[in-house]
Amino acid sequence: MGTASRPNPLAFLDEELAALRERHLYRPLRVMSSAQGPIVSLDGRRVISLSSNDYLGLTHHPRMKRAALEAVQQFGAGSGAVRTIAGTMTLHEELEADLAAFKHTEAVLTFQSGFTANTGVIPTITGETDLIVSDELNHASIIDGMRLSKAPRKVFKHADVEALREVLREATTKGRDGEGAPYRLILVVTDGVFSMDGDIAPLPGIVAAAEEFGAAVMIDDAHASGVLGEDGRGTVNHFGLDGRVAIQVGTLSKAVGVLGGYVAGSQALRDILIQRARPFLFSTSHPPAVAAACREAIRIMQEEPELHERLWANTRRFKAELARLGFNIGTSETPITPVLLGDSELTIRFSNRLFDEGVFGTSVVFPTVALDRARIRTIVTAAHTEELLDRALGAFDTVGRELGVISG
Ligand code: PMP
């Protein structure tokens, strides 16, 4: 029988795709044929990129490339195994020691990504007798980590410390059986910087509430790693809360410029993760070049403070100019600046027109954000020059007027 007459059991995928296209929610991938950086070649065009998480420009920093190349020469291209079997290299151990010193914590364990750090740590340390309390806008990897845990969970209103206290008060009063049996652990989890709106978690209030009710705090610092705090140590350091947050998850994939995630905390936390965390136990470790480049990034962040200064100077300038042009840029306090347009179709059209004008600003639409909160999400980096930012702002001005988003 020919294949033509056989029914396709995956035919429903075509229908789903057609539905997405009809609702203007289908997003094709743009293909980059250059290195990451402030100017990239996308779909064959040279454009100014406002879409990477390469906050410090480290993806293409000469010292990073050198560190990676030297590691390949000395240790080869791959680690060859899961770390518990035969893949722990001196480079992995050294990176973790460097990160622990940088984060002012006892110990660090690295994971293949920030995503797997969250899906590894949450189910490892929580079970049926625990409670997870999560901000409603926490990242997908925290949500997936909670789904993998047997612990019940409660969600509190975004960044609302009073709402969190209410959840904690009820949890500690009623307990896990409704009659006051205490939870073994109550784990409060929050992003440090929320990646869609760029706002910072109200960590001092969260930590105070957790301490009052005997809960532990876990922070996912993906967008704060390398961005907030002294030399980019993160949200905990930014707020002067060193030592008061039990678990800090960070990423090595954004400002650090390479790939990976890590969990920073106590030695016992690291030791139990090595025994139990499933992405650690069942997935191969970073290639030598990744570990070596991440180590170099931690050094660069401390030895080249001008990168951090330029990131923040660019951030202030870009936000001020977008606001002056009349755009709604929300309440971001970080280099993430959403340009809020509301409607998905308008947002995709805006992004496409920006691209025609030589600027790559990604559209973010439902389901990543609420249906009426579509936006162009921009991130400026330390690698953008003033001239590039001016050109990008010129494109926003042109397209904003053309599509009636700003007047003039
Ligand atoms: N947490 C948050 C808050 C993030 O924004 C991201 C990346 N989008 C991750 C975790 C995952 O990090 P990684 O890219 O290293 O997997």
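Residues numbered from 1 in each chain as written. Predicted model: local features only at pLDDT ≥ 70, side-chain atom pairs only at ≥ 80, totals over all residues. Heavy atoms only, no water.

Caption draft 1: Structural view of the domain arrangement of the protein chain. Under the domain assignment used here, the protein chain contains domain 1 (24–55 + 305–402) and domain 2 (62–303). Centre-to-centre, using C-alpha coordinates, domain 1 lies 28 Å away from domain 2. If you look at the interface, domain 1 gives 21 residues, while domain 2 gives 20 residues. Measuring nitrogen to oxygen at the nearest pair gives 3.1 Å for the salt bridge that ties Arg375 to Asp197. Linking domain 1 with domain 2 are twelve residue pairs in polar contact (both at pLDDT 80 or more). Elements with a contribution of two residues or more to the side of domain 1 that touches domain 2: helix H13 (305–325), strand S10 (336–342) and strand S13 (374–379). (Domains from an automatic or database assignment. Contact = heavy atoms within 4.5 Å. Salt bridge = Lys/Arg side-chain N within 4 Å of Asp/Glu carboxyl O. Polar contact = N/O pair within 3.5 Å; in protein donor to acceptor, adjacent residues only side chain to side chain. Helix = DSSP H or I, 4+ residues; strand = E, 2+ residues; numbered from the N terminus.)

Caption draft 2: Region of interest: helix H14 (residues 344–356). Helix length check: H14, at 13 residues, gives a terminal C-alpha distance of 19 Å against a target of 18 Å (1.5 Å per residue), a fit within 8%. Where H14 starts, the residue carrying a side-chain oxygen 3.3 Å from the main-chain nitrogen of Glu345 turns out to be Asp343. Looking one or two residues beyond H14, the residue adopting positive phi is Gly358, at roughly 90°. (Expected span 1.5 Å × (residues − 1).)

Caption draft 3: How the structure looks around the pattern of salt bridges. Per the counting criterion, the structure on display carries 30 salt bridges. With its nearest N and O atoms 2.6 Å apart, the salt bridge here joins Glu96 to Arg270. Of this pair, Glu96 sits in helix H4 (residues 90–103) while Arg270 sits in helix H10 (residues 267–276), and the two are 174 residues apart along the sequence. For the pair shown, Glu96 and Arg270 are each scored as buried. Of the charged contacts in the structure, one is a salt bridge between Glu230 and Arg233, with a shortest N-O distance of 3.8 Å. (Buried < 20%, exposed > 50% of the residue type's maximum accessible area, 1.4 Å probe, protein only.)

Caption draft 4: Quick peek at the site of the ligand. Taken together, 14 residues lie near the ligand, and Gly114, Asp220, Thr251, Ser253 and Lys254 sit nearest. In this structure, Gly114 approaches the ligand through a main-chain N or O atom, which is 2.8 Å from an oxygen atom. Contact between the ligand and Ser253: an oxygen atom at 2.5 Å from a side-chain N or O atom of the residue. About the coverage of the ligand: the protein hides 83% of its 390 Å² of free accessible area. Taken together, the residues that form the shell around the ligand break down as two nonpolar, nine polar and three charged. (Near = heavy atom within 4 Å. Areas by Shrake-Rupley, 256 points an atom, 1.4 Å probe, with all protein chains shown as cover. Nonpolar A, V, L, I, M, F, W, Y, C, P; charged D, E, K, R; others polar.)

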